[in-house]
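Observations on chain architecture
So the chains spell out like this:
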Amino acid sequence: MSETSISAHQEDLAALLEVLAGKTSQDPILATQDFLQKYPDRAEGYFVLGVLTYLSGYVGDATHMIEKAHDLDPDVREYAVALASLYAVSDRVNDALYFAKLGTVLESHPEMAGILPPNLKNFVEAASHSVIHKNYVAASLAFTRREFELATSECELELKMDPNYVPALELYAKALIEMGEHGSAVPILQRILQLKPDDVAENKLNLAEAIFHLGLFEQAKDYIEAVVQGKPDSIDINAKAFYLLSGMENGEPALSRAWSSLQQSGLHEVEPFFPYTPSDDGKIRIGFLSDKCFDCFEGSVLSSFLRRFDKKILESYVYIQNINKDSVTQAIKNWAVKAREVFDVNDKTLALILQRDRVDILVDMCGFGPNQRLSLLAHKPCGQRLSWLAPLHGGGQPGIDTVVTDESTDVAQSRFLQNGQDCMKLRTPVFANRPVQGFLDPVSPPNESKGYVTFGAYLDFCALAGRDGALWMRLLDSVPGSKLRLHIGSRISEISLARLNEIFEPKGLLDRVDLYTPDEDERPGSFFDHVDVFLASQSEDRDRIVQALWMGVPCLTKSGVNDPYVTYSGALLRAAGIPSWACEDDDAFLSVAKALAFDPAELAGLRKVLRGQLAKSRLMDLSGFALEFQSRLAELFFRKIQKR
């Protein structure tokens with residue numbers, strides 16, 4: 001629109017609002033129809049007509065009109081909020097939940113906010129008037145808040161009324177997977193496939209994920225490959241398949257097929273949704289797209305980095321791709337110039353938001369992970385796109401220009417680069433992090449009182465059933481009297497217990513395994529009070545490695561510098577200044593582990609000094625990392641401008 005036509009539209013919209021307010025004698029419906037005839041490509045007319053139709057009692061026609069408004073302008077909160085309530089009263093529960101979440105992240109249209117009827121403003125209120133599936137709605141809301149225990153409880157109540165209600169079964173299984181209760185999720189997913197045999201791709205992948213996390217790799221591969229063959233055109237399906245296969249041992253052939261399927265499904269660079277115009281006010285706008293904006297390793301790294309942002313030349317924008325909120329989420333919002341939850345915003349709308357925020361460089365932290373934004377990145381939003389702290393195979397995806405690496409990750413990441421992509425290799429670790437919060441001082445190692453060495457690990461069948469587990473069992477066998485203490489969480493399913501028997505009993509080591517469940521009132525980090533040496537898998541949760549070191553517990557992993565995949569376990573230990581604990585091969589791992597196990601004085605000494613060493617290491621050099629990373633981002637921006 002020209003400036004003249006925009007001015008005319010604003011004047012006519014103001015006149016229409018006066019009619020709706022009863023300030024003239026003109027008929028509101030006729031006035032709205034006249035407005036629509038004059039501006040058929042503007043969303044406001046359809047929304048107003050939808051509201052008037054709803055007030056006349058015609059819910060179906062109102063829904064159609066407001067859907068049209070949302071299609072024309074998907075970045076308006078009032079359109080999404082109204083649709084959430086309309087779908088709720090129409091018993092379209094999943095659609096209602098989607099638009100309810102969408103409405104929390106969009107911008108308000110001031111003029112339209114004033115005419116939104118009270119009954120269409122509150123999705124929860126609208127849903128409460130429906131007598132159907134109330135517990136499912138409550139479970140869905142709990143799931144979005146990452147309250148998975150509550151979500152499972154509400155699903156169980158829903159399923160008592162209708163044991164075959166598939167949406168509740170699907171949500172139940174997803175919540176169990178999020179809680180790590182993969183064994184409990186398997187029979188539920190199998191039941192869903194029986195009840196819903198015609199549309200099984202997503203549920204088969206969820207089943208494959210649960211089976212994979214039970215260490216049943218070949219079964220998981222069979223499910224994944226069947227899904228990929230059945231849905232060759234779905235980027236989302238193929239992306240999840242690729243992500244799961246990337247974590248499997250000996251999965252390279254299937255991984256290559258999944259990558260080919262991804263490319264055939266349309267995952268390649270395409271024209272941007274909207275043109276990019278560089279900033280002209282002296283500020284460089286850096287956007288961070290992350291599904292880890294909560295209390296986890298990546299979330300605390302991002303929060304700490306934003307806190308040290310040089311606001312004289314840089315502005316930070318965060319696009320939150322996760323559904324949960326906690327203190328870290330709030331800290332990220334506090335330190336960013338703007339933070340928006342975009343989990344349910346479609347790619348084109350998010351590209352529009354990025355353009356309106358005038359973001360110059362977008363830093364993707366999702367990669368090929370569960371909440372990936374591969375299609376958005378392929379449309380090349382913003383001037384430059386970087387990959388930082390993304391899951392396995394970070395970078396390499398279409399639309400990424402640069403992968404942020406360091407000395408420990410550069411070789412492995414470089415293997416996945418495509419034509420035209422490069423690495424930004426930092427001198428400081430890419431994952432510099434803050435000291436652990438809330439943990440008390442370490443206690444004496446347990447071997448002093450027990451008389452034997454306790455190795456510790458978190459229950460992860462992917463590790464136990466693979467090369468890591470085989471190595472750990474060799475270690476147990478070579479250290480007489482030693483035990484393996486497994487952290488199993490709050491509960492464990494019968495299927496998981498059976499898997500433990502299947503893995504350890506044939507080796508005659510089942511009686512050497514202790515299962516650990518934390519008490520509600522125990523001190524933070526107390527698992528490590530009962531562990532002499534922590535065994536980290538190659539894909540270990542990074543928080544656990546830092547916590548083990550913070551509690552004075554030596555942490556060992558097998559991670560050669562020339563491994564074909566990025567193994568952050570080894571990279572963390574090298575950044576912490578303990579490269580000898582990131583062992584190159586099995587023999588080195590066993591040698592270092594046994595040396596520690598047979599040296600109680602060394603274990604006791606490490607309890608006293610390891611925390612101090614960690615605090616002074618490059619891993620905790622947040623200021624140095626922030627200074628270097630920001631400088632490199634600014635350099636990247638100015639180099640791009642000079643080429644234009």
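Residues numbered from 1 in each chain as written. Predicted model: local features only at pLDDT ≥ 70, side-chain atom pairs only at ≥ 80, totals over all residues. Heavy atoms only, no water.

This paragraph deals with the overall build of the protein. The number of helices and strands found in the protein is 30 helices and 13 strands. Taking 26 Å as the expected radius of gyration for a compact globule of 644 residues, we find that the protein reaches 27 Å, a close match to that expectation. Oriented by its inertia axes, the alpha-carbon framework of the protein measures out at about 95 × 65 × 45 Å. A separation threshold of at least 6 residues defines the contact pool for the protein, and within that pool the share at least 24 residues apart is 68%. One way to put it: in the protein the 66 positive side-chain charges average out to a point 4 Å from where the 89 negative ones average out. (Helix = DSSP H or I, 4+ residues; strand = E, 2+ residues; numbered from the N terminus. Rg over C-alpha atoms; globule rule 2.2 N^0.38 Å. Contact = heavy atoms within 4.5 Å. Lys, Arg positive; Asp, Glu negative; His and termini not counted. Charge placed at Lys NZ, Arg CZ, Asp CG, Glu CD.)

This next bit is on the sheet that holds strand β5 (residues 384–387). Note: strands within a sheet are paired through backbone hydrogen bonds, in either parallel or antiparallel orientation. With parallel pairing, 7 strands are arranged side by side in an open sheet as β3-β2-β1-β4-β5-β6-β7. Each edge of the open sheet carries a strand with a single partner, namely β3 (338–341) and β7 (422–425). Pairs of neighbouring strands in the sheet enclose a mean axial angle of 25 degrees, with direction left out of account. Looking at chain direction, β5 and strand β6 (residues 402–405) are connected through 2 bridges and run parallel. In the sheet register, leucine 386 faces β6, and the bridge partner there is threonine 402. The sheet contacts of helix α17 (residues 297–307) involve β1 (284–290) and β2 (314–320), and relative to β1 the element is tilted by about 165 degrees. Strands in contact with helix α18 (residues 327–335) are β2 and β3; relative to β2, the strand with the most contacts, it is inclined by about 145 degrees. (Pairing = 2+ DSSP bridges. Axes fitted to C-alpha atoms, helices over the stretch in contact; angles between N-to-C directions.)

Now for the packing of helix α15 (residues 235–246) against helix α16 (residues 252–264). Two elements in contact, α15 and α16, have axes whose closest approach is 9 Å; the angle formed by their N-to-C orientations is 160 degrees. Classed by the angle they form, the pair α15 and α16 counts as roughly antiparallel. With respect to the hand of their crossing, α15 and α16 are arranged in left-handed fashion. Facing α15, whose interface residues are Ile235, Asn238, Ala239, Phe242, Leu245 and Ser246, α16 presents Ala254, Leu255, Ala258, Trp259, Ser261 and Leu262. Partitioning the contact of α15 with α16 into residue classes produces 9 nonpolar, 3 polar and no charged. (Parallel < 35°, antiparallel > 145°, perpendicular 65-115°, else oblique. Left-handed = near helix turned anticlockwise from the far one by under 90°. Nonpolar A, V, L, I, M, F, W, Y, C, P; charged D, E, K, R; others polar.)

Ranked by internal contacts, the top residues of the largest apolar core, which has 158 residues, are Phe288, Trp388, Phe431, Phe455, Phe504, Leu549 and Phe629. Setting aside residues no more than four positions away along its own chain, phenylalanine 455 makes contact with Leu475, Leu476, Val479, Ser482, Lys483, Leu484, Arg485, Val531, Val533, Leu535 and Ala597. Membership of the second largest hydrophobic core comes to 57 residues, among which are Leu13, Leu52, Ala100 and Tyr319. (Core = buried A, V, L, I, M, F, W, Y, C linked by side-chain atoms within 4.5 Å. Buried < 20%, exposed > 50% of the residue type's maximum accessible area, 1.4 Å probe, protein only.)

A two-sided burial pattern is seen for strand β12 (residues 555–558), the buried positions comprising Cys555 and Thr557 on one face and Leu556 and Lys558 on the other. Bridging between strand β11 (residues 533–535) and β12 involves 2 bridges; their strand directions are parallel. Within β12, the position partnered with leucine 535 by the bridge is leucine 556. Running through helix α26 (residues 542–550), the crossover from β11 to the neighbouring parallel element β12 is right-handed. In the sheet, β12 pairs with strand β13 (residues 582–583) via 2 bridges, with the strands oriented parallel. Across the sheet, the residue bridging to threonine 557 is alanine 582, located in β13. (Right-handed = clockwise from strand over helix to strand, strands pointing away.)

What follows deals with helix α25 (residues 494–504). Restricting attention to buried positions, one finds in α25 the residues Ser496, Arg499, Leu500, Ile503 and Phe504. Buried residues of α25, viewed axially, fall in a sector of 110 degrees; they line one side. If you follow the buried residues of α25, they end up packed against α12 (182–195), α23 (461–464), α24 (467–478), β9 (483–487) and β10 (513–516). (Arc of directions from axis to C-beta.)

It is worth spelling out the packing of aromatic side chains at this point. By the definition in use, this model includes 24 aromatic pairs. Look at tyrosine 136 and tyrosine 165: their rings are 5.6 Å apart centre to centre, the planes differ by 90 degrees, and that puts the pair in the edge-to-face class. In this pair, tyrosine 136 sits in helix α9 (residues 134–144) while tyrosine 165 sits in the loop between α10 (148–161) and α11 (166–178), placing the two residues 29 residues apart along the sequence. A centroid spacing of 4.8 Å and a plane angle of 50 degrees characterise the contact between phenylalanine 242 and phenylalanine 368, whose relative ring orientation is tilted. Taken together, the residues span a long stretch of sequence, with phenylalanine 242 in helix α15 and phenylalanine 368 in the loop between β4 (361–364) and α20 (374–378) at a distance of 126 residues. By relative accessible area, phenylalanine 242 is classed as buried at 5%. Three or more aromatic residues joined by ring pairs make a cluster, and in this case those are Phe288, Phe305, Phe309, Trp388, Phe625 and Phe629. Sitting over the ring of tyrosine 46, lysine 68 keeps its end group 5.8 Å from the ring centre. Lying across the ring of tyrosine 458, arginine 544 places its NZ or CZ 3.9 Å from the centre. (Phe/Tyr/Trp six-rings, centres within 6.5 Å; stacked < 30°, edge-to-face > 60°. Lys NZ or Arg CZ within 6 Å of the ring centre and 35° of its normal.)

Next up on the list: the confidence of the model for the protein. Per-chain confidence: the protein averages 86 in pLDDT, with 94% of residues scoring 70 or above. Confidence scores differ between elements of the protein, with helix α8 (residues 123–128) showing the lowest mean pLDDT of 54 and β11 the highest of 97. (pLDDT = per-residue confidence, 0-100.)

This next bit is on helix α13 (residues 201–212). Between its first and last C-alpha atoms α13 spans 16 Å; for 12 residues at 1.5 Å apiece the expected length is 16 Å, and the two agree. Counting buried residues in α13 gives 10 out of 12 residues, a clear majority hidden from the surface. Restricting attention to buried positions, one finds in α13 the residues Ala201, Asn203, Leu205, Asn206, Leu207, Ala208, Glu209, Ala210, Ile211 and Phe212. Taken together, the buried residues of α13 touch α11, α12, α14 (217–230), α15 and α23. (Expected span 1.5 Å × (residues − 1).)

Read from one edge to the other, the open sheet built from 6 strands follows the order β10-β9-β8-β11-β12-β13, with strand pairing classed as parallel. One side of each edge strand has no neighbouring strand; the edge strands of this open sheet are β10 and β13. The pairing of strand β8 (residues 454–458) with β11 spans 2 bridges and is classified as parallel. Across the sheet, residue glycine 456 finds its bridge partner in β11, namely phenylalanine 534.

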